[in-house]
Amino acid sequence: MSGRARTVYRCQGCGHGSAKWLGRCPQCGGWNLFVEETEGGDRPAVLSVSTAPAPVTSLGSGGDERVSTGLGELDRVLGGGLVRGSAVLVGGDPGIGKSTLLLQACGRMAEKGAPVLYVSGEESRRQIRLRAERLGVLSDRLLVQTETSLGPILSTIEQTSPRAVVVDSVQTVFSDSLDAAPGSVGQLREVTARLTALARGLDVPVFLVGHVTKEGVIAGPRVLEHMVDTVLYFEGEGGHPFRVLRAVKNRYGSAMEIGVFEMTGSGLDEVTNPSRLFLAERPVGASGSAVLSCLEGTRTILVEVQSLVCPTVFGVPRRTVVGVDASRVSLMVAVLEKKAGIMLAGHDIYVKVTGGIRVDEPAADLGIIASVASNFLDRAVDPGAVIFGEVGLAGEVRAVSQAGQRVREAEKLGFTSCILPSDNLRRLKDADGAKMTLTGVASVAEAMERLFAGSRESVEPAAGKRGVR
């Protein structure tokens, strides 16, 4: 298709176009994001994948179309393996282990006999060879190409017909049909569209590695995430060896699954029982420590939440939170003050989920309340107890999903008691005969009674602390 080329200024954050340069984007509000690009002119047509219409009953179910990556945790997040012809976008902070993870997966898939193509636009062949030696994935069927031009990459994919393709990273690849610089909005759209079309046409799954901005999102407009089938984020903190692979979009599986890895000198090791590792260094008998049960997709994980409550020396108390939503912690503190009579307005509160994992589900509410109250009262929660339950603003403790699965996971790890919503307890009595002691609570006030010796006199602040009504 031919046309007249024109110059536009396009925001690199959201893709908004303008006829002239603007300092501030009127759509996303970003500053100094407009870059000059050329659009129109002669452009090659994107590969067509259209087919003749057919009855849905005549189409294959695709039940056997999954390709195992050789990494169980990666397969779990993908929904059971790679779907042929799918496009997977992998994002994460620099140095978090994206290239290591995908090179390991390529090596495992190459061991099964079919060729696998790894395209790098950021590293030389020697650098990739050294990393492959360290990871122990040297194979004649692992093909490596260092290229940034889209044309040769597409030609190589068509010639080799690999089992899977990895492009590291999509921001470094450019198409000759556009005058824009690599990594610009136009280039990202063009490169992703053509790679995705080729993947569907040849039934070859493609991994695209994406850079992450300082805001923690994949660089480029959000439309890039809509062009692919699956979006994975690789998370972790520099001081922790654990890495969490989280699915935020998945057309072929659950978007709530996570995979846990441990970074070692020889690469990423799969963590099949993350609960045991997250609780390995838990202090026994320390106030402010509580174990909560959270559900990530189909997996139950037990994590420790720690709190530190101390009188503030400033006019405005501080609220510092790591690993859980700060707004959720503020809500739980307000409920604790109003419904349990523990006044925390004049105290600094610090809450942290240990192990570098982030907890986002409502079942963590009761565990957060138990942790904060424990440190304020300077009374330890039973080290053999696990806690879960959603807390409402009226102080009620609401039932959560998969309570039986949460209880069984705690039993496997040796916990002897569980504080859970009363409604969940009633259902468990009929369905799951748990061996551990189950205590149901209907309100925050009742939970405080159960957790701290079962009497009102026990819910008093430690010496030197004030604030209980």
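Please refer to the structure higher up on the page.
Note that this is a predicted model, so its numbers are computed, not measured.

A side chain with one charge can pair with a side chain of the opposite charge if their charged atoms come near. The full count for this structure, using the stated rule, is 14 salt bridges. Here R299 ties to E73 by a salt bridge, and the two come within 2.9 Å at their closest N and O atoms. With R299 in strand 16 (residues 299-311) and E73 in helix 1 (residues 72-78), this residue pair connects regions lying 226 residues apart in the sequence. No difference in accessibility class separates R299 from E73, as the two residues are buried. Among the ionic pairs, R129 bridges to E133, the shortest N-O distance being 2.7 Å. Of this pair, R129 and E133 both sit in helix 3 (residues 125-135), 4 residues apart, which is roughly one turn of that helix. We classify R129 as partly exposed; its relative accessible area is 46%. The partly exposed category is assigned to E133, whose relative accessible area is 37%. Each of R200, D229 and R251 takes part in salt bridges that share partners, so that together they form one network.

A few words now on the packing of helix 4 (residues 150-160) against helix 5 (residues 185-202). Between helix 4 and helix 5, whose axes approach to 11 Å, the crossing angle comes to 10 degrees. Between helix 4 and helix 5, the crossing angle belongs to the class labelled roughly parallel. In this structure, helix 4 contributes L150, I153, L154, I157 and E158 to the contact, and helix 5 contributes V191, R194, L195, L198 and L202. Taken together, the residues that form the contact of helix 4 with helix 5 break down as 8 nonpolar, no polar and 2 charged.

With mixed pairing, the 9 strands of this open sheet are ordered in space as 8-7-9-10-6-11-12-13-14. Of all the strands in the sheet, just strand 8 (142-146) and strand 14 (267-270) have a single pairing partner and so form its edges. Mean inter-strand twist for the sheet, computed between neighbouring axes without regard to direction, equals 25 degrees. Of the strands in this sheet, strand 7 (116-120), strand 8 and strand 9 (165-168) touch helix 4, which is tilted by about 160 degrees from strand 8. Packing of helix 5 onto the sheet brings it into contact with strand 6 (87-92), strand 9 and strand 10 (206-210), and relative to strand 10 it is tilted by some 160 degrees.

Moving on: the packing of helix 8 (residues 326-340) against helix 12 (residues 444-451). Running from amino to carboxyl end, helix 8 crosses helix 12 at an angle of 85 degrees, the nearest separation of the two axes being 9 Å. Classified by the angle between their axes, helix 8 and helix 12 sit roughly perpendicular to one another. Residue-level contacts link V335, L336, K339 and A340 of helix 8 to V444, A445 and M448 of helix 12. Classifying every residue of the contact of helix 8 with helix 12 gives 6 nonpolar, no polar and 1 charged.

The topology assignment puts V329 in helix 8. Residue V329 is classed as buried on the basis of its relative accessible area of 3%. Distance from V329 to R319, taken between C-alpha atoms, is 8.6 Å for residues 10 residues apart in sequence. Non-local contacts of V329, meaning those with residues more than four positions away in its chain, are made with V321, V324, V351 and I368.

A word on helix 9 (residues 365-377). For helix 9, with 13 residues, the first-to-last C-alpha span of 18 Å sits near the 18 Å given by 1.5 Å per residue. The element helix 9 is extensively covered by neighbouring structure, given that 13 of its 13 residues are classed as buried. Positive phi shows up at D378, right after helix 9, with a value of about 60 degrees.

Once that is clear, we can look at unusual backbone geometry. Residues D168 and S169 are joined by a peptide bond in cis, for which omega reads 0 degrees. Here S169 shows up in the loop between strand 9 and helix 5. Within the chain, S161 stands out as a residue other than glycine whose phi angle is a positive 45 degrees. By the element assignment, S161 lies in the loop between helix 4 and strand 9. Residue Q402 is not a glycine yet carries a positive backbone phi of 55 degrees. By the secondary structure assignment, Q402 is in the loop between strand 21 (397-398) and helix 10 (403-412). Of the residues examined, Q402 reaches a relative accessible area of 45% and is grouped as partly exposed.

Cut-offs used in this document
- Residues numbered from 1 in each chain as written.
- Predicted model: local features only at pLDDT ≥ 70, side-chain atom pairs only at ≥ 80, totals over all residues.
- Heavy atoms only, no water.
- Salt bridge = Lys/Arg side-chain N within 4 Å of Asp/Glu carboxyl O.
- Helix = DSSP H or I, 4+ residues; strand = E, 2+ residues; numbered from the N terminus.
- Buried < 20%, exposed > 50% of the residue type's maximum accessible area, 1.4 Å probe, protein only.
- Axes fitted to C-alpha atoms, helices over the stretch in contact; angles between N-to-C directions.
- Parallel < 35°, antiparallel > 145°, perpendicular 65-115°, else oblique.
- Contact = heavy atoms within 4.5 Å.
- Nonpolar A, V, L, I, M, F, W, Y, C, P; charged D, E, K, R; others polar.
- Pairing = 2+ DSSP bridges.
- Expected span 1.5 Å × (residues − 1).

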